[in-house]
Amino acid sequence: MTMGDSNKNLYAKMIVDVVLGPVLEKLEKKDVSAAQTLRAAFTKVDNTLPGFAYDYVKGILKKAEIHDKFDLCETLLQLGGSQDCEELRISRQEPTFQELNKCATALKKILSRIPEQIYDRKQFLETIKEIASAIKRLLDAVNRVIAEVPAADNGSKQILEDRKKEFVRYSKKFSNMLKEFFRDTNQNQSVFISANYLIYQTNLILRTVKQECC
Amino acid sequence: MENGEWFNMDSMDGMRRQQSNYEVVNESRNSSGYSLQSEFHRESDHSEYQVQFAGIIEDIQVHVDITNRTEVLRMIDRGKMEQMIPLKVSGERNTILSLSRYNIKLMYRDHSAETLIIRVPIHEIAAVCYVNDDGVHILAVKYGNPERCSLLVLYCDTPGRAERICSDVAQCFQLVYTDAVVQLLEDTIGRVENSSTGSPTINNENGRKYSLEGQDNPGFSASQLSLTDPRNASKTRSRSVANSDSGQSAQSYQAELLRSYLEQLRNKFSVDELAKFSTLLKQINEFSPKNPMDLQAVFKEVFQLYGNERKHLLAGLCPFIYEKHYDKFLEFLKKQGISLDNGTLSSRHSFPRMYTRSVSDMTTDQSDIDSVLEGISTQLAQIDSNIGDVPAYLNYAS
């Protein structure tokens, strides 16, 4: 199957968040300067050449001769819920912001369980119910954060609202992919991709809140 | 059956199904015994089985467990004594059970003519049970609503056929449940999307905003499906999901209706009045009056709250009144000369009355609507206490 450009870009961004990010965080404990330089370099290159992080990691996996031993989309989805780095955590201690952290982590964790549960119909349906609940809680938390933004700061409010709308858009896509999957169970890859998009969108919300409010 | 294998096609007398479709299903069966690709997932899919129609036993109590063999036989014996079903079924007429993801249909088929005996929507079926009573293969289908259930009694020629019907009905239950879960996700996304453009809010005199949205509730409350392993397919219990053919869950419609009505009230009522409204509505719906006149007293209070200028809004309350008080409420409205939409005593927008729970809704969990009302009540009470004693404040301020 040939990967579309949009999927490759998604994988690249996920790789930055859930593979490179945590690794660089560990490196920071040993050599802060090296870690920060590498982080900046990856970000810069990936912005200039979208998808670079994907090619980079694929190259490493090929060198290690394990690139065909697992499904990257599934693996990124599983990592998406288990890996969290400082870059994606909101530092403000007020309950509203910490609640957002919690809700985002919870949603990502539930989404990351999809690959292991998708083939067990009963369990998967329970997971979908949990996802519905987690999406609602996340967006309620975002609404509360938006309410905390000073009234004068309309620009930030609008940016957060736009980010939220984007998230809702990808939530609908995810729901549509589920419908397709239940009609044709060979569509599991589409479910994984749309779940990955949802994790990525969750991380984008966190990044945007950090940028606008912290 | 015990080892979870499919039945041999040769034993399926009277079954009409495409061979290729059956084989696809067989290969795709996963380890938990459920077919990943249902035979009934397309709208046009259906299966037919030859059965004998014994009869329908009415007035079955809702709590009766028909997966209990003794209970089933007891009910059938009662049915025979009360002549609801014959002592023996002749089997002269060719009876066909047709099963699709939407309903089971029982009909007589003579040459090219079909006569419908009964059609039962899948979401009205509480449970299906197979009992082997000394070589008589009985299939019992319990269906109905919270007030009344009935038992459809069929006989099958072979145990294989009876077990196959149970297994296929379980597949249909699974499809209905799957559709409802996906719909739940869509409805949740729809709700949160709408909340971004402004949920119904009210301002108290301190200028703070309170949302009238209910507390966190995924909206999929009591209806649960217990899907049995086909290895025990002789007992298939289901709780139906309130899912209309239009595809949207009844509970989400109800929640939307309530929000829409509250939006109307918000524009016409003060904060105090809204708080009182919430309290009175809860009183009506939790009411277990020793004296029926007490319920009338609550109705009068509601009427006084609305007053002459707003009494036309009372008709809109109809969908949110509990079934058991509905008739009394309608009578009260009639006495006050309040006309209803379309001149009928039905809900707004032709939507079924609230709280008409299906036979499946047999737990004590709060429904989505109950939680919305609870949330409103709590939030309005909070506003009330936040506003405090306004006259005292005014005295202090001056």
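The structure under discussion appears in the preceding block.
Since we're looking at a predicted model, the values are computed, not measured.

**Structural notes on the packing of helix 1 (residues 5-28) of chain A against helix 4 (residues 72-82) of chain A**
All names here are of chain A.
Stage number 1. Interhelical geometry of helix 1 versus helix 4 gives an angle of 40° and a closest axis separation of 10 Å. When the interaxial angle is binned, helix 1 and helix 4 end up oblique. Crossing of helix 1 over helix 4 shows left-handed handedness. Counted together, Tyr11, Met14, Ile15, Val18 and Val19 of helix 1 and Leu72, Cys73, Leu76, Leu79 and Gly80 of helix 4 form the full contact between these two elements.
Stage number 2. Of the residues in the contact of helix 1 with helix 4, the class split is 9 nonpolar, 1 polar and no charged.

**Observations concerning the packing of aromatic side chains**
Here the distance between the centres and the angle between the planes together describe a pair of aromatic rings.
Stage number 1. Overall, the coordinates contain 12 aromatic pairs over all chains when judged by the stated rule.
Stage number 2. Between A:Phe124 and A:Phe181, the ring centres sit 5.9 Å apart and the planes meet at 90°, which makes this aromatic pair edge-to-face. Residue A:Phe124 is found in helix 7 (residues 121-148), and its partner A:Phe181 is found in helix 8 (residues 154-183); the two are separated by 57 residues along the sequence. For the pair A:Phe124 and A:Phe181, one class covers both residues: buried.
Stage number 3. Between B:Phe299 and B:Phe332 the ring centres are 5.5 Å apart and the planes differ by 40°, which places this aromatic pair in the tilted class. Highlighted residues: B:Phe299 in helix 6 (residues 292-310) and B:Phe332 in helix 7 (residues 323-335), separated in sequence by 33 residues.
Stage number 4. Of the residues examined, B:Phe332 reaches a relative accessible area of 4% and is grouped as buried.
Stage number 5. Among the aromatic side chains, those forming a connected cluster through ring pairs are B:Phe299, B:Phe303, B:Phe329 and B:Phe332.
Stage number 6. Sitting over the face of the ring of A:Tyr170, A:Lys173 holds its NZ or CZ atom 5.0 Å from the ring centroid.

**Examining the side chain of A:Thr127**
Residues and elements named next belong to chain A.
Stage number 1. On the secondary structure map, Thr127 appears in helix 7.
Stage number 2. A polar side-chain atom of Thr127 sits 2.2 Å from a polar atom in the side chain of Gln117.
Stage number 3. Once residues lying within four places of it in the same chain are set aside, the contact partners of Thr127 are Ile110, Arg113 and Gln117.

How each quantity is defined
Residues numbered from 1 in each chain as written. Chains lettered and ligands numbered in written order. Predicted model: local features only at pLDDT ≥ 70, side-chain atom pairs only at ≥ 80, totals over all residues. Heavy atoms only, no water. Axes fitted to C-alpha atoms, helices over the stretch in contact; angles between N-to-C directions. Helix = DSSP H or I, 4+ residues; strand = E, 2+ residues; numbered from the N terminus. Parallel < 35°, antiparallel > 145°, perpendicular 65-115°, else oblique. Left-handed = near helix turned anticlockwise from the far one by under 90°. Contact = heavy atoms within 4.5 Å. Nonpolar A, V, L, I, M, F, W, Y, C, P; charged D, E, K, R; others polar. Phe/Tyr/Trp six-rings, centres within 6.5 Å; stacked < 30°, edge-to-face > 60°. Buried < 20%, exposed > 50% of the residue type's maximum accessible area, 1.4 Å probe, protein only. Lys NZ or Arg CZ within 6 Å of the ring centre and 35° of its normal. Polar contact = N/O pair within 3.5 Å; in protein donor to acceptor, adjacent residues only side chain to side chain.

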